[in-house]
Amino acid sequence: MSELDSLSLLEFEALDTSFAGSTLNQWMWCIIFISIGLFLSKLIYKLFSIITLKFTQRTKTQIDDKLVEHAKHPFIFMVVLIAFYIGLHRLSLKEEFFSVLDNLYVGLMTINVTWFLSGVVHVIMDEIVKKKVNIELHILNVLHRVLVYVVWGMGIVIALNNVGYDVSAMIAGLGIGGLALAMAAQDSVSNFFGGFTIYTDHPFKVGDRIRIGGNVGDVFEIGLRSFRMKTLDGTVVVIPNSQAVSQVIENISNEAARKIKLQLGLTYDTTPEQMRKAIEILNDLKKQHDDIITEEGSATFNSYGDFSLNILFIYYIRKNRDYFAVQSDINMAILEKFNEAGLNFAFPTQTIYTVANS
């Protein structure tokens, strides 16, 4: 036998060498199949995308484009799973291993299908329901989340059942532990029903300015457990939904007008004629400003203070006006008109009388 033939024989014998129950030849084919699968997964998807793109570009809707985009990762994962499944089946291992492998393969495939279906739910909700159904956005967002949770919950249960896990025993166990879980999650449950109350009773919606528990701000997100509002100071406050049921909520955005109460104090040397003039100036200002409701409000000489004669000026700013700007305009006009009329604002004063000793 020649030296070349001897070398070839040694190579074949090496390929037949057993390692972990399988020959090197079988391990080599296993690795080849897995490598080909990893390479082909993205290549096949690119070809698939190019072909489908020609059809999706002809349609006016974005639904098909979004579906193709959402199918990318589940498709790649599916090809990789098939490659691993075929490659591992090239090995000569125990039947128990292949039994576990088959169950695991079916379970992962089920999760992969669930992954794709959750993407379909996202596309349907974003491109169809939210654009064509006339329901408030925060309610649709909650419905969106619930549907995704339902799809994933069903997918995980089916996957566990396919793997061989006793799902009925798990459900029975959940039923037995349900009471303990409910006791431990009272706050979460109350927050959930508080959120349900917000969606059905509509005390406020996203974009409304509210006052609750000493906090005033604009609501920008309503979730299942809590809602978030940005205060006038610029900070974000997270409030549990249960407080929307247990506390008084003032919806500032729903008010017909903003009531402003302004207390003015004039010095005690003000004459009755000057006091009437001051009240007349205030009533005229209310009529002259377009952002103020002229039919409402009043200006009255309401009290004698410790160091001032007090006038209570009440006026109402129309809805959707810049409240701070209107108040600034009114205050500036009062200062100008009172100065022109010679009306003096009071400030804290104290008169001390002394008695000289004789």
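Residues numbered from 1 in each chain as written. Predicted model: local features only at pLDDT ≥ 70, side-chain atom pairs only at ≥ 80, totals over all residues. Heavy atoms only, no water.

Chemist: Can you help me understand the side chain of Asn 251 in this one?
Modeler: Residue placement: Asn 251 occurs in strand S7 (residues 249-251). Here Asn 251 falls in the buried class, since its relative accessible area comes to 13%. Separated by 2.9 Å, the side chain of Asn 251 and the backbone oxygen of Pro 203 make a polar contact. Here the side chain of Asn 251 touches Asp 208 through a polar contact of 3.2 Å, side chain to side chain. Look past the residues within four positions of Asn 251 in its chain and what remains in contact with it is Pro 203, Phe 204, Asp 208, Arg 209 and Ile 210. (Helix = DSSP H or I, 4+ residues; strand = E, 2+ residues; numbered from the N terminus. Buried < 20%, exposed > 50% of the residue type's maximum accessible area, 1.4 Å probe, protein only. Polar contact = N/O pair within 3.5 Å; in protein donor to acceptor, adjacent residues only side chain to side chain. Contact = heavy atoms within 4.5 Å.)

Chemist: Explain the confidence of the model for the protein chain to me, please; I cannot follow it from the model alone.
Modeler: Regions with low pLDDT carry predicted coordinates that are not meant to be interpreted in detail. On average, residues of the protein chain score 76 in pLDDT, and 75% of them reach the 70 mark or higher. The low-confidence segment residues 1-15, where pLDDT is below 50, has five contacts with residues more than four positions distant or belonging to other chains. (pLDDT = per-residue confidence, 0-100.)

Chemist: Explain the nonpolar core to me, please; I cannot follow it from the model alone.
Modeler: Across soluble globular proteins, nonpolar side chains have a tendency to be buried as a group. Ranked by size, the top nonpolar core spans 24 residues in total, and within it Leu 282, Phe 313, Ile 334 and Phe 338 carry the most contacts. Within the residue set of this core, elements represented by two or more residues are strand S8 (257-266), helix H11 (272-288), strand S10 (309-318) and helix H12 (323-340). Contact partners of Leu 282, with chain neighbours within four places excluded, come to Leu 264, Ala 299, Ile 311, Phe 313, Ile 334 and Phe 338. Among the nonpolar cores identified, the runner-up in size contains 13 residues, and Ile 198, Tyr 199, Phe 204 and Phe 227 belong to it. (Core = buried A, V, L, I, M, F, W, Y, C linked by side-chain atoms within 4.5 Å.)

Chemist: What am I meant to see in a nonpolar patch on the surface here?
Modeler: On the surface, a nonpolar cluster with roughly 760 Å² of combined accessible area is contributed by Met 28, Ile 32, Ile 36, Phe 39, Leu 40, Leu 43, Ile 44, Leu 47 and Ile 50. Along the chain, the position of Ile 44 falls in helix H2 (residues 24-56). Assessed through its relative accessible area of 34%, Ile 44 is described here as partly exposed. (Patch = residues over 30% accessible without salt bridge, like charges linked within 9 Å, V, L, I, M, F, W, Y side chains within 5 Å. Areas by Shrake-Rupley, 256 points an atom, 1.4 Å probe, with all protein chains shown as cover. Salt bridge = Lys/Arg side-chain N within 4 Å of Asp/Glu carboxyl O.)

Chemist: What is the right way to look at the packing of H11 against H12 in this model?
Modeler: Packed helix pairs are specified by the crossing angle of their axes together with the interaxial distance, meaning the distance between the axes. Two elements in contact, H11 and H12, have axes whose closest approach is 10 Å; the angle formed by their N-to-C orientations is 145°. The two elements H11 and H12 meet at a crossing, and its hand is right-handed. When H11 is examined against H12, the residues Ala 278, Ile 281, Leu 282 and Leu 285 are found in contact with a partner set consisting of Ala 333, Ile 334, Lys 337 and Phe 338. (Axes fitted to C-alpha atoms, helices over the stretch in contact; angles between N-to-C directions. Left-handed = near helix turned anticlockwise from the far one by under 90°.)

Chemist: Hey, could you run me through the pairing of strand S3 (residues 209-212) in this one?
Modeler: Along a regular strand, successive side chains alternate from one face of the sheet to the other. Here S3 shows a buried face lined by Ile 210 and Ile 212 and an unburied face lined by Arg 209 and Arg 211. Of the strand pairs in this sheet, S3 and strand S4 (residues 215-222) are connected by four bridges, and their pairing is antiparallel. For Ile 210, the partnering residue across the bridge sits in S4 and is Gly 217. Hairpin remark: S3 followed by S4, antiparallel, with two residues in the connecting loop; positive phi at Gly 213, about 55°. With three bridges joining them, S3 and S7 adopt antiparallel strand pairing. (Pairing = 2+ DSSP bridges.)

Chemist: What should I look at first to understand H12 in this one?
Modeler: Two residues of an α-helix separated by three or four positions point the same way, owing to the 3.6 residues in each turn. Counted at 1.5 Å a residue, the expected span for H12 with its 18 residues is 26 Å, and the 26 Å between its end C-alpha atoms agrees. Within H12, burial applies to Tyr 323, Val 326, Ile 330, Ala 333, Ile 334 and Phe 338. End-on, the buried residues of H12 take up no more than an arc of 125°, which puts them together on one face. Looking at H12, the residues exposed on the side facing more than 90 degrees away from the buried face are Phe 324, Asn 339 and Glu 340. The inward-facing, buried residues of H12 abut S8, H11 and S10. Once H12 ends, the next one or two residues include Gly 342, with phi positive near 75°. (Expected span 1.5 Å × (residues − 1). Arc of directions from axis to C-beta.)

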